[in-house]
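Fold and contact review
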Amino acid sequence: QVQLAESGGGLMQAGDSLRLSCAASGRALSIAGWFRQAPGKERERVAQIVWTTGDTYYIDSVKGRFTISKDNTKNMVYLEMNSLKPEDTAVYYCAAATVPGRPYDSWGQGTQVTVSS
């Protein structure tokens, strides 16, 4: 496992932009991702990035608005969120898989993102 610490959440208005950051320490990462959980809903995977290749995945609802990126030298993962919508309101979690081909095994504590209309 790795230790993950998110930052950057806040109260935003629709149309705003926000960048979430995640600092990783400990073992090397295989995949890093951002998940979110809104009240009364199940947690969903928003985006992920393969640490070695940079290949990315996005859930349909954020394609074209969110961008996941990484800084290998700093062991940081970012989620740039543009054109925020009220339905983006959730607790956002940084997650990592440390073993290739295995599920996510490390989670951050979460950061709240609230988007008002």
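Relevant structure appears above.
The following paragraphs examine the structure supplied in this document. (Residues numbered from 1 in each chain as written. Predicted model: local features only at pLDDT ≥ 70, side-chain atom pairs only at ≥ 80, totals over all residues. Heavy atoms only, no water.)

Observations concerning the sheet that holds strand 8 (residues 76–81)
Within the open sheet, the 4 strands sit side by side as 1-3-8-7. Their pairing is antiparallel. Bordering the open sheet on either side are strand 1 (2–7) and strand 7 (66–71), each of which pairs with just one other strand. Going from strand to strand, the sheet's axes swing by 20 degrees on average, the running direction of each strand aside. Bridge count for strand 1 against strand 3 (residues 18–26) is 6 bridges, and the pairing is antiparallel. Paired with Ser7 across the two strands is Ser21, which belongs to strand 3. (Pairing = 2+ DSSP bridges. Helix = DSSP H or I, 4+ residues; strand = E, 2+ residues; numbered from the N terminus. Axes fitted to C-alpha atoms, helices over the stretch in contact; angles between N-to-C directions.)

Here's the deal with the pattern of salt bridges
Counted according to the given criterion, the structure contains 4 salt bridges. In this structure, the salt-bridge partner of Arg36 is Glu44, at a minimum N-O distance of 2.7 Å. Arg36 is paired through a salt bridge with Asp88; the nearest N and O atoms lie 3.0 Å apart. Residue Arg36 is located in strand 4 (residues 31–37), and its partner Asp88 is located in the loop between strand 8 and strand 9 (90–97); the two are separated by 52 residues in the primary sequence. By relative accessible area, Arg36 is classed as buried at 6%. Under the relative-accessibility criterion, Asp88 is labelled buried at 1%. (Salt bridge = Lys/Arg side-chain N within 4 Å of Asp/Glu carboxyl O. Buried < 20%, exposed > 50% of the residue type's maximum accessible area, 1.4 Å probe, protein only.)

Focus on unusual backbone geometry
One non-glycine residue, Asn75, lies in the positive phi region at around 55 degrees. Classification of Asn75 as partly exposed rests on a relative accessible area of 22%. A positive phi angle is found at Ser83, which is not glycine, with a value near 50 degrees. Relative to the helices and strands, Ser83 is located in the loop between strand 8 and strand 9. Overall, the relative accessible area of 41% leaves Ser83 in the partly exposed class.

A few points about the side chain of Arg65
Assignment of secondary structure puts Arg65 in the loop between strand 6 (56–58) and strand 7. Of the polar contacts made by the side chain of Arg65, one reaches the backbone oxygen of Ser61; its length is 2.9 Å. In terms of polar contacts, Arg65 uses its side chain to reach the backbone carbonyl oxygen of Ser83, at 2.9 Å. Apart from residues no more than four positions distant in its own chain, Arg65 is found in contact with Glu80, Met81, Asn82, Ser83, Leu84, Lys85 and Asp88. (Polar contact = N/O pair within 3.5 Å; in protein donor to acceptor, adjacent residues only side chain to side chain. Contact = heavy atoms within 4.5 Å.)

Side note on the state of the cysteines
Taken as a whole and assessed by the stated rule, the structure comprises 1 disulfide. For Cys22, the disulfide goes to Cys94, at an S-S distance of 2.1 Å. An S-S torsion of about -80 degrees defines the bridge between Cys22 and Cys94 as left-handed. Of this pair, Cys22 sits in strand 3 while Cys94 sits in strand 9, and the two are 72 residues apart along the sequence. The exposure classification of Cys22 matches that of Cys94, with both residues buried. (Disulfide = S-S within 2.5 Å.)

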